[in-house]
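Next come the chains, spelled out residue by residue.
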Amino acid sequence: MNLTIFAGPDPEANLDALLKRTPLRLGPVCAVVPDSGSVAALERKLAVLSGNGFTGHRVYTMEGLALAILSQAGVAAEMIDPPVKRALAGELAASRIGRSSYYSTIAGYPGFINTILLYLADIRSTDKTFIRAREIEAVAAAYDVHLKRLRAADHEGVVMMALSDDRAERFSQGFGGPLIAHGFYDLTERQFQFISRLMAGFSRSAVSIPDDPSRPQLFDLPGKLRSRLEELGGRVVRVDSKKEGGTGVVVRGFRGGTWTGTVTPGDVQIHTFRSEEAEAGWIAGFIRDKIARGIWEHHDIMIVARSRPGYGTPLDIALRKNGIQVEGGVRRPLSTHPVVRVVLDAIQSSIHPDDDELAAGVLSSQYTGDRTRKTGTPAGPETDDRGWSCMLADIDSPEGFISSVKRMIEWLNIRNNLDGGGDPECALSEAAAFERLKELLDAFARFYSPLRKMVKVTELHRLLVLFLRDAFIIEQPCAGKGVLLADVNHARYATRRIVFLTGLDNRPFAGRQGGFSLHDPVYAREMLKHAESEDSLLFYLSMHGAEQLFLTFPGIDNEGGDPAVSPYLREIRGNTASWCLNAFHRGVPGAAWEGGYCDRRGRDEQIIRAMKANPELAPVILAGQRRRDQSAAARLELSLAVWSRMQKEPELILESPALLESVSREWGGGRVYSVSELEEYASCPVRFFLARILRLRVDRETIGEVEASDRGILIHEILARFYRRCISLGRAGFSRDELNDMKSLIREISGQVFAEKADAFAGLHPVVMLAEKKFLLAWMEYFLENEAEYFSSAPFRPFFLETGFGLESFSCATPYPPLRLEKGSDLVLVSGRIDRIDIDANETPPRIRIIDYKTGDCKASLSDLVSGKALQAPLYLKAATEQIVPGSSIHDGVFYNLREMAHVCYKAERKPVTGDDWAEYIRMACESAHTSVGRIRRGEYPPGECRDSRWCDFRLLCRGGREISGEESEYADS
């Protein structure tokens, strides 16, 4: 077998090398590619290489090649339509799964049919059996039988038919030229058999595979395919990437690749938005502006989404509003088209002729009635009480049902009313939907006639609705010159100059194989592993060929935090922070390059902020809004009225001399304030007053389990004792090889703590208590595994545990004095307890990292740091460098989220706040502490800006829950 494998990280470079080294003039090329989009691309490329002359080259999809082989062998194979395939699976599930079956309760749901279809695709693509359930096996066996009765085949079926006898060999011998396979990085078992059989018949074969042996983690699937092809006798030719600038740098640096060269800022841009609508609006507006200015052309652009954007999605709507042409158009579900909705409503009305409201809705539609009659007459057709509305009353067969539906459509005169309301494009869409509906009505009758002889009309109507669910029409088709919309799966073959990767949240990408959720766990794990290894490769391949790359992520919060950002975007943003352009859009209207279509909430907030900052300009701003958008102006007026009412509400100010004297005596000079007290006042003065001054308390007991606060105390104590013991043994850090010893040590310490803190488990059922202790032990062992990874990658080692300053009674052997915050003659004393101080002794002076354990939710919001609401990290760092480890330098302060086993740090402009960056934030924290203490002593407790007060213990006593815009949440005053 003469087989050459062109393998490299760049698919386009692989294809170029393949075409240069393959003798194209010896005979026509037979090429196989993954999908129809890549068929057109490769056909154009082969035409250019052949001098724009047709030389007999053939480019097929896997399915198309199998059909061509069958056609040459004289076998006619009709492909089954998706609606028929779904109906067949549904009928087989209904007939083969009885009431006693394990699946009987879910067999009627559409989602179960989707699962059956996935299983049928999986089992027909291999020779294996994945499931032991008799009913599912019976469905699979009957599926083949019914396909033969229908004289039809599915995708896997035509490949199986082409493999039978010697059809593939005879086809390959008839070709004088080579066989090319391009764009595949993985093949099913049946497809691999098919390709290898063809290669054996062709005199010369060539395959291109995206692959990089230095990154097996990223190229796991193509690496396995390459190895299988090598076993067939293939010779590997390594191909280097042809891109040296732009996104080529990003691609090489992704998932452990080597970084080389430089890149111009702006070649890769990361844009984050508050919502999916804002993201789509910016993309469409940005493209519209670039095209209008002649900088870009439609055919230069590709928009890659997690799944191909469907009709009615925010991206589709935004592209339509901005007049962006889409290559190939957008698939629209047929059942949602207005023409089809009218027909379905008419069927429902005819089944229930006594329902006057249904009949009136059909007759008032623009698609019914005689338009040739005089103006002013009713829109509906002239009919008596027993006309079209009774045509489906007595139906006993699928043929009779469809025949009656067709007569009803003619009676309602729908075909002659498809004029689009004067819009030619709408008229074309209506006509296409109507013709497709008629085709599917005939397919419905043909399919159900052999299966159902006597059926109730209501059941036939239900089946028809399900039958139409998988049918689509193409809206606004544009051939070859529009923006390309692709999901990540299909983006791997396309190369365009400008690429937008959209919707980059932390969900996995849709892999080629979905697997079957009802089969045994072994196969389920295999499919999950396959999908995980495919995700990053699909993301990687979609970047290739781009000179400019735009990464967009919807759902970012107001402070720029992104807990749900995709790992791919996080990696690229972290590695390219020095030159990658970042932009956070709150929804800025007006600017052409911003798109003009951004979320209402962000626009309203900006206008309201402007009116708050300059109240005298409020009438002018509102007048301008009224001219542009009456509804927007009404929203703004309401928000402004709520905000004005809030401003008139007096602050909570203590005026009673006796109470003021009591506060001054308790909270005056000489008092040592804890960091938590200062943070509480800075965040919400009213909460501070209720909890600290009036000493109100809300108990949140959880009956039957350990309290969350007690669980936190247990964990803090276990970890402090564990590291003190490690430090005393000279083993502050440890490797994975030492994990067993460390786990034994922490189990011993945990047992001691459980015995000493027995009150935490008091009143629990013995089984619950045992389960809680096992859970805590497992949690601690998981913590040690993550710590071993931390010590292997970071130079820091724990040195101080549960270190207190300014605390009168504390278990630490060396308590430190209070932290002194001086501002002129004003002095504030602060106390606190630092969970852990890690030190990097390799540096001079040594660097310190403050770590605070969190067993619940935690976030590091930069806005809280800037506003002085977050005081813990900056004041702890100040105390550590001035008193606990004098002479040290600051690295950072982080929260250790023990739920996720992750360090959560503060970030400014997407970069972690480290080193000298902390100086300014420490100064802000000191200012905030002085301001809070002064207002506490004066008895001033204004309401805080509570965004959502649902979890506040005192929400019933407070007017919290307001948004920045002045709108009150559903929890305010509840």
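On a predicted model such as this, the values are computed, not experimentally measured, just so you know. (Residues numbered from 1 in each chain as written. Predicted model: local features only at pLDDT ≥ 70, side-chain atom pairs only at ≥ 80, totals over all residues. Heavy atoms only, no water.)

Draft legend 1. View of the overall build of the protein chain. When its secondary structure is counted, the protein chain shows 32 helices and 27 strands. Relative to its full complement of 974 residues, the protein chain shows a buried share of 51%. In the protein chain, the share of contacts with a sequence separation of at least 24, taken over all contacts with a separation of at least 6, comes to 76%. Summing over all exposed atoms, the protein chain offers an accessible surface of approximately 45700 Å²; the carbon and sulfur share of this is 51%. (Helix = DSSP H or I, 4+ residues; strand = E, 2+ residues; numbered from the N terminus. Buried < 20%, exposed > 50% of the residue type's maximum accessible area, 1.4 Å probe, protein only. Contact = heavy atoms within 4.5 Å. Areas by Shrake-Rupley, 256 points an atom, 1.4 Å probe, with all protein chains shown as cover.)

Draft legend 2. Structural detail: helix α28 (residues 739–756). Relative to the 26 Å expected for 18 residues at 1.5 Å per residue, α28 spans 26 Å between its end C-alpha atoms, a close match to the ideal helical length. Inspection of α28 places L739, M742, K743, L745, I746, I749, S750, V753 and F754 among the buried residues, and these make up the whole buried set. The secondary structure elements touched by the buried residues of α28 are α27 (708–728) and α29 (766–793). (Expected span 1.5 Å × (residues − 1).)

Draft legend 3. Quick peek at the environment of R149. Among the secondary structure elements, R149 is positioned in helix α6 (residues 134–150). Residues R149 and P450, spaced 301 residues apart in sequence, show a C-alpha to C-alpha distance of 9.9 Å.

Draft legend 4. Main features of helix α4 (residues 82–96). Taking 1.5 Å of rise per residue, the 15 residues of α4 would be expected to cover 21 Å, and the 21 Å separating its terminal C-alpha atoms lies within 8% of that figure. Among the residues making up α4, those that are buried are P83, V84, K85, R86, A87, L88, A89, E91, L92 and A93.

Draft legend 5. Representation of the nonpolar core within the structure. In this structure, F112, I347, F401, I414 and F444 are the most contacted members of the largest nonpolar core, which totals 61 residues. Broken down by secondary-structure element, the contributors of at least two residues to this core are α4, α5 (110–124), α6, α14 (338–351), α16 (398–411), α17 (424–448) and α18 (457–467). Top element by residues in this core is α17. It accounts for 10 residues. Counting residues in hydrophobic clusters, the runner-up holds 51 residues, among them V675, F688, L819 and W918. (Core = buried A, V, L, I, M, F, W, Y, C linked by side-chain atoms within 4.5 Å.)

Draft legend 6. Representation of the packing of aromatic side chains. One pass over the structure, following the stated rule, counts 40 aromatic pairs. With a centroid separation of 5.8 Å and 40 degrees between ring planes, the pair formed by W667 and Y673 is classed as tilted. A single burial state applies to W667 and to Y673, both of which are buried. Through pairs of rings, three or more aromatic residues link up here, namely F273, W282, F286, W296, F500 and F550. When the ring centre of F192 is taken as origin, the NZ or CZ atom of R228, which lies over that ring, is 3.9 Å away. (Phe/Tyr/Trp six-rings, centres within 6.5 Å; stacked < 30°, edge-to-face > 60°. Lys NZ or Arg CZ within 6 Å of the ring centre and 35° of its normal.)

Draft legend 7. Representation of the side chain of S429 in the model. The residue S429 is located in helix α17 in this model. Take S429: its relative accessible area is 12%, and that puts it in the buried class. Each residue touching S429, except ones within four places of it in the same chain, is listed here: R332, H337, I473 and E475.

Draft legend 8. Examining unusual backbone geometry more closely. Geometrically, the link from T844 to P845 is a cis peptide bond, its omega value of -5 degrees lying close to zero. Along the chain, P845 turns up in the loop between β21 (826–840) and β22 (847–854). Although it is not a glycine, N413 sits at a positive phi angle of roughly 60 degrees. Relative to the helices and strands, N413 resides in the loop between α16 and α17.

Draft legend 9. Region of the structure containing the pairing of strand β2 (residues 30–33). Going residue by residue along β2, you find C30 and V32 tucked away on one face and A31 and V33 tucked away on the opposite face as well. Across 4 bridges, the pairing between β2 and strand β3 (residues 58–61) is parallel. Bridging from a neighbouring strand, V33 pairs with T61 of β3. Bridge analysis of β2 against strand β6 (residues 179–181) gives 3 bridges, and the strand direction is parallel. The residue of β6 that forms the bridge with V32 is A181. (Pairing = 2+ DSSP bridges.)

Draft legend 10. Representation of the sheet that holds strand β7 (residues 205–210). The parallel open sheet is built from 6 strands, whose spatial order is β3-β2-β6-β7-β1-β8. Because the sheet does not close on itself, it has two edges, and the strands there are β3 and β8 (235–238). On average, each strand axis in the sheet is inclined to that of its neighbour by 20 degrees, with strand direction left out of account. Helix-sheet contacts for helix α3 (residues 62–72) involve β2 and β3, and the interaxial angle to β3 is about 115 degrees. Contacts between helix α10 (residues 220–231) and the sheet are confined to β1 (3–8), β7 and β8, with β7 contributing the most and set at about 160 degrees to the helix. (Axes fitted to C-alpha atoms, helices over the stretch in contact; angles between N-to-C directions.)

Draft legend 11. How the structure looks around the pattern of salt bridges. Scanning the model with the defined rule gives 50 salt bridges in all. A salt bridge links D470 to R86; its shortest N-O distance comes to 3.6 Å. Within this pair, whereas D470 is found in the loop between α18 and β12 (472–475), its partner R86 is found in helix α4, the two being separated by 384 residues in sequence. The class for D470 is partly exposed, based on a relative accessible area of 21%. The class of R86 is buried, set by a relative accessible area of 7%. Two residues, D211 and R226, come together in a salt bridge whose shortest N-O distance is 2.4 Å. Of this pair, D211 sits in the loop between β7 and α10 while R226 is found in helix α10, placing the two residues 15 residues apart along the sequence. What you see here is one network of salt bridges that share partners, running through R671, E677, E680, R687 and R692. (Salt bridge = Lys/Arg side-chain N within 4 Å of Asp/Glu carboxyl O.)

Draft legend 12. The arrangement of the packing of helix α25 (residues 675–683) against helix α32 (residues 918–938) in detail. Where α25 contacts α32, the two axes come as close as 10 Å, and the packing angle between them is 80 degrees. As the angle between them shows, α25 and α32 are arranged roughly perpendicular. Facing L678, Y681 and A682 of α25, the residues of α32 in contact are S928, A929, S932, V933, R935 and I936. Residues that form the contact of α25 with α32 fall into these classes: 6 nonpolar, 2 polar and 1 charged. (Parallel < 35°, antiparallel > 145°, perpendicular 65-115°, else oblique. Nonpolar A, V, L, I, M, F, W, Y, C, P; charged D, E, K, R; others polar.)

Draft legend 13. Representation of the packing of helix α7 (residues 155–163) against helix α9 (residues 189–201) in the model. Relative orientation of the contacting elements α7 and α9 amounts to 35 degrees, with a least axis distance of 10 Å. Considering the relative orientation of α7 and α9, their crossing is left-handed. Across the interface between the two elements, H155, V159, M160, A162 and L163 from α7 touch R190, Q191, Q193, F194 and R197 from α9. Here the residues of the contact of α7 with α9 sort into 5 nonpolar, 3 polar and 2 charged. (Left-handed = near helix turned anticlockwise from the far one by under 90°.)

Draft legend 14. View of a negative patch on the surface. On the surface, a cluster of negative charge is contributed by D354, D355, D356 and E357. Along the chain, D354 falls in the loop between α14 and α15 (356–363). (Patch = residues over 30% accessible without salt bridge, like charges linked within 9 Å, V, L, I, M, F, W, Y side chains within 5 Å. Lys, Arg positive; Asp, Glu negative; His and termini not counted. Charge placed at Lys NZ, Arg CZ, Asp CG, Glu CD.)

Draft legend 15. Geometry of the environment of D864. For D864, the position within the fold is in helix α30 (residues 862–867). Here D864 falls in the partly exposed class, since its relative accessible area comes to 22%. In this structure the C-alpha to C-alpha distance between D864 and S683, which are 181 residues apart in sequence, comes to 8.6 Å.

Draft legend 16. Up close: the pairing of strand β9 (residues 268–273). Judged by how many residues are buried, β9 sits mostly within the fold: 6 of 6 residues are covered. With burial as the criterion, each face of β9 is covered, one bearing V268, I270 and T272 and the other bearing Q269, H271 and F273. Sheet analysis places β9 next to strand β15 (residues 548–554), joined by 6 bridges and oriented parallel. Considered in β15, the bridge of V268 is made with L549.

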